[in-house]
Every structure is written in structure tokens, then in C-alpha cells.
Amino acid sequence: MLFRSYFPAGVYLVSDVIKIPSYARIQGDGIDAAVIKQTASGVDCVVKLSDSKQQVDGNIGNNGATRPQYISVQDITFWNTTDKPVLLITSAQNCVFTRTKLQGSFSVANSVSSSSPCLKITSTPSLISNNIIFDKCEFSDQTYGVIGDDDQFNVVISNSKFTNLYRGLKIGEYTTGSGSALVGPQGLKVINCLFNSVYKEGILGYSVKKLSSMGNYFRDVGNHFNGTGSPQTNVIVYAADDCVSIGDTFDRTNTDAVTWPRISGAAYGTYLLIANVGVQHGSTITTPGRQQTLTDNTSSATATTITVNINDTNTAQIYYRITRNTTYRTGVMRLVHNSSTQVLDDDYTETATACGVTFATSYSSNVTTITYTTTNTGYDANLRYDIKYSL
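This report concerns the structure included in the present document. Keep in mind that this is a model prediction, so the values were computed, not measured.

## Brief notes about a nonpolar patch on the surface
Taken together, the side chains of Leu2, Tyr23 and Tyr70 make up a nonpolar region of the molecular surface, amounting to roughly 280 Å² of accessible area. Within the secondary structure layout, Leu2 lies in the segment before β1 (4–7).

## Some details on the sheet that holds strand β34 (residues 367–374)
With antiparallel pairing, the 3 strands of this open sheet are ordered in space as β29-β34-β33. On the outer flanks of this sheet lie β29 (302–309) and β33 (357–364), each paired with one strand and no other. Strand-to-strand twist of the sheet, defined as the mean angle between neighbouring strand axes without regard to direction, takes the value 30°. Pairing between β33 and β34: 8 bridges, direction antiparallel. Looking at the pairing, Ser364 lines up with Val367 of β34.

## So, the environment of Ser123
Relative to the helices and strands, Ser123 is located in the loop between β10 (117–122) and β11 (129–135). Taking the C-alpha atoms as reference points, Ser123 and Asp150, 27 residues apart in sequence, are found 5.8 Å from one another. Side-chain polar atoms of Ser123 contact the backbone oxygen of Asp151, separated by 2.5 Å.

## Some points on unusual backbone geometry
Notably, Asp57 is not glycine yet its phi reads approximately 55°, a positive angle. By secondary structure assignment, the location of Asp57 is in the loop between β6 (47–49) and β7 (72–80). In the Ramachandran plot, Asp141 falls in the positive-phi region, its phi being about 60° despite a non-glycine side chain. You can see Asp141 is positioned in strand β12 (residues 138–148).

## Overview of empty space enclosed by the protein
The full count for this structure, using the stated rule, is 2 cavities of 30 Å³ or more. By volume, the largest cavity amounts to about 70 Å³. In terms of lining residues, the largest cavity is bounded by 14 residues, among which Gln152, Val155, Ile171, Pro185 and Leu188 are the most central. For the lining of the largest cavity, the secondary structure elements donating two or more residues are β12, β13 (152–158) and β15 (185–186).

## Comments concerning the layout of surface pockets
What the largest pocket holds in volume is close to 860 Å³. Asn254, Arg262, Val277, Asp312 and Tyr389 are, among the 32 residues lining the largest pocket, the residues nearest its centre. The element contributing the most residues to the lining of the largest pocket is β29, with 5 residues. Grouping the constituent residues of the lining of the largest pocket by class yields 17 nonpolar, 12 polar and 3 charged.

## Some points on the nonpolar core
When a protein is soluble and globular, its nonpolar side chains tend to lie buried together. Ranked by size, the top nonpolar core spans 53 residues in total, and within it Ile89, Phe97, Phe134, Phe139, Leu169 and Phe195 carry the most contacts. With 4 residues, strand β14 (residues 161–171) is the single largest residue contributor to this core. Membership of the second largest hydrophobic core comes to 20 residues, among which are Ile285, Ile370, Ile387 and Tyr389.

## Concerning the pairing of strand β35 (residues 381–390)
Side chains Ala381, Leu383, Tyr385, Ile387 and Tyr389 project from β35 onto a buried face, and the interleaved Asn382, Arg384, Asp386, Lys388 and Ser390 project onto a face without burial. Of the pairings in the sheet, the one linking strand β27 (residues 284–286) to β35 comprises 3 bridges and is antiparallel in character. Residue pairing in the sheet places Thr284 in a bridge with Ser390 of β35. As judged from the 5 bridges shared by strand β28 (residues 290–294) and β35, these two strands associate in the antiparallel manner. Residue pairing across strands places Leu294 opposite Ala381, the latter belonging to β35. Here 7 bridges tie strand β30 (residues 315–324) to β35, and the two strands are oriented antiparallel to one another. Its bridge partner being in β35, Tyr320 is matched across the sheet by Tyr385.

Criteria and cut-off values
- Residues numbered from 1 in each chain as written.
- Predicted model: local features only at pLDDT ≥ 70, side-chain atom pairs only at ≥ 80, totals over all residues.
- Heavy atoms only, no water.
- Patch = residues over 30% accessible without salt bridge, like charges linked within 9 Å, V, L, I, M, F, W, Y side chains within 5 Å.
- Areas by Shrake-Rupley, 256 points an atom, 1.4 Å probe, with all protein chains shown as cover.
- Salt bridge = Lys/Arg side-chain N within 4 Å of Asp/Glu carboxyl O.
- Helix = DSSP H or I, 4+ residues; strand = E, 2+ residues; numbered from the N terminus.
- Pairing = 2+ DSSP bridges.
- Axes fitted to C-alpha atoms, helices over the stretch in contact; angles between N-to-C directions.
- Polar contact = N/O pair within 3.5 Å; in protein donor to acceptor, adjacent residues only side chain to side chain.
- 1 Å grid on protein atoms, 1.4 Å probe; cavity = no way out; pocket = protein on both sides within 12 Å on 5 of 7 lines; lining within 4 Å.
- Points joined across faces, edges and corners; volume = space filled by probe spheres on them.
- Nonpolar A, V, L, I, M, F, W, Y, C, P; charged D, E, K, R; others polar.
- Core = buried A, V, L, I, M, F, W, Y, C linked by side-chain atoms within 4.5 Å.
- Buried < 20%, exposed > 50% of the residue type's maximum accessible area, 1.4 Å probe, protein only.

Following this line, the structure appears as C-alpha cells:
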């Protein structure tokens, strides 16, 4: 049976759980225009997805019912004014939420008064939630934006906003290795979303694999709502292999990232790509390639743009190439340094006519800078390089 319901603009007060059955289509007049407001503190949430016989939770699929599937919800707000979850999904598949706001009751989400999320996805051992899409949605004013511990796969959250939350996503904390939480969420993707005013981590992954964060913008996240200059946690945490961050951007500065790196995942087989930092594969980082002009006839040691902070690493390899008119060099500088000693080994091959560039080091405030001098040939030198180091 196909169930359709249209909610014109207005606020609809409810005091029990709304159950949305299989094949239902829910349409409102827009986020914050059509609002379903839960006012009763004694119920589980605002809304649950149900099977074809309106059964929920562990009863889903009983009595020959069809599991929650092919449900579409769009242009509506679900608002819980009590300290309870907003939307609970169990054993659902092939469902789409578009321009849907899941709103909690917190004016300032700076503490854990409960484990209440905007969204929680669960499964039963025999009916695994899968292929659930949230697009252009909002998760706000709650302890957590999303919680997932049970087995599930291909949950996608795209083009959405996470605001005024204690944490954005908390994934796999109670994945137990048995029952409905055998391996936990797999293939969860968060794509092109905005995270802002998130007290602690934007994405906190425990021992679950295949989590992906791609093209998201993290503004005031992990700063206890105090903004740049006050980092308190990582922005993203991965604690398992096969997790990726590609093309995410952060307001967290390089200075703040020394204390609390934007992403924690160095102990695992993760792949992280941050535009101004470089590629991190597990514990190894390769910075973006850069270039600099080295001025001809420079007899005094002059700073290059190559810098290494001892808080990042005590060892680094600098792969470089020099072009100077018709002379060429390719080489590797190996740096070992601490606050008292800086040792640089420059191993290179060049044309028969030397490039006439010599490198050395200077040190100040935890940072070693590579310096250079050049001979007088009438030509500047072009230096291109990247830096590789392990955390």
C-alpha cells in the first residue's frame, strides 16, 4: 500500500511517535515552514520508520511484513523539544531524505546530558540497514548529529549542515563484534557538508572501517565553541584502517594543528588529503609540491620556503629539483633536528657544470629553515620540492 501525506506550512504538535511505513511519501512546504514538533518527554523520539504493518524496532519484519523501504521524506522539519532522539531508523533500505531538518532541544550543545542524536540508524542481525540517503538536510541543536553502531552499509549524507552539536557523527563506539553490531557501519560517506559550531569532533570514528569524508568544510569544530586559537580536540578521528578524508577544508590553522591536528589517523591504514598540508597515508605525510626562485649571486645565507617544525617531526626528507639556465640538479636533503642540533645531508646528482647552489640550516622557535647561497652565473635558480616525513 502506498502512503502519501502532505504537510502545508505550519507547526504540528505531537505527543506520540510518528511511524512512517514502507513505500510512504512525506512532503512538506519546506524546512522550518512545515514543522512537526514533539512535546511529550515520555516517548522514544519524534519519528520512526516502520514496516508495512507499522511494526518498529525489534519487531520489524514479523508477521510477514515488508521491512521499511523505499520511503521518501522531503521539505519538512522534525523537532524534538525534549532531550530525546529525533529520528530512529531500524533495518531500513533504499530510503531518501531531502531537505529534511532534524532538530533537538539544546540552545547550546556544550555537554552530554544524554546520548540523544538527531539521527540513529540500527539493524537487526537478519535485516541490515542499507542504502539510506540524506541530501540537503540539517542536523542541529542536539548532543550528536548522527550515531551508528550496528551493522549498516552505504549510508550517504551529502550537501547537508551540522550545527550546534556536541559532536557531529559518532560512529562505532558500541560496535561489539556480535549480534547486530558485528562489524558496525561500513561505507558511510559524508560529502560536501558544512560543520559549524560543533563542540568536539566533527566526525569521531571508533574501530570501524570504510568511513569516508570528502569535500566537507569544517569551521568552528573541536574548539569548545571558542573559535580559532582554542583547539580542544581533533576535527576528525579515525581509529581503524580503510578510512579516508579527501578534499576536506578546515578553518583550523597550522598553528592550532600543531597542538591538535585536524585529523587523527596516523596509527592506521588511513588516506588523508588536505590541500595545504599534503597527502597522509597512515603515519607518512608528503607535502604539496612547491617552487621558489633562488636569487643569483646570493653570498649570505638566505631563507628558502622549506621549513620543518620539530613538533611535527624530528626527521624529514626533502626531494628537490633545481633548474638554472642550462644546468640541472636532482637531489634529496635528509634533515635530523631537535632544539639543540640540526643536521642536514644533501645527496644529489647534477650536470657536469654545477648549479652553484648550497643549502644549510637555521633554527628558531621550534622551526628549522633551509637556507641557501648561490654563485654568480648571471641566472637565478628555480627550486621545486616536496617534503616527506613520518609522524
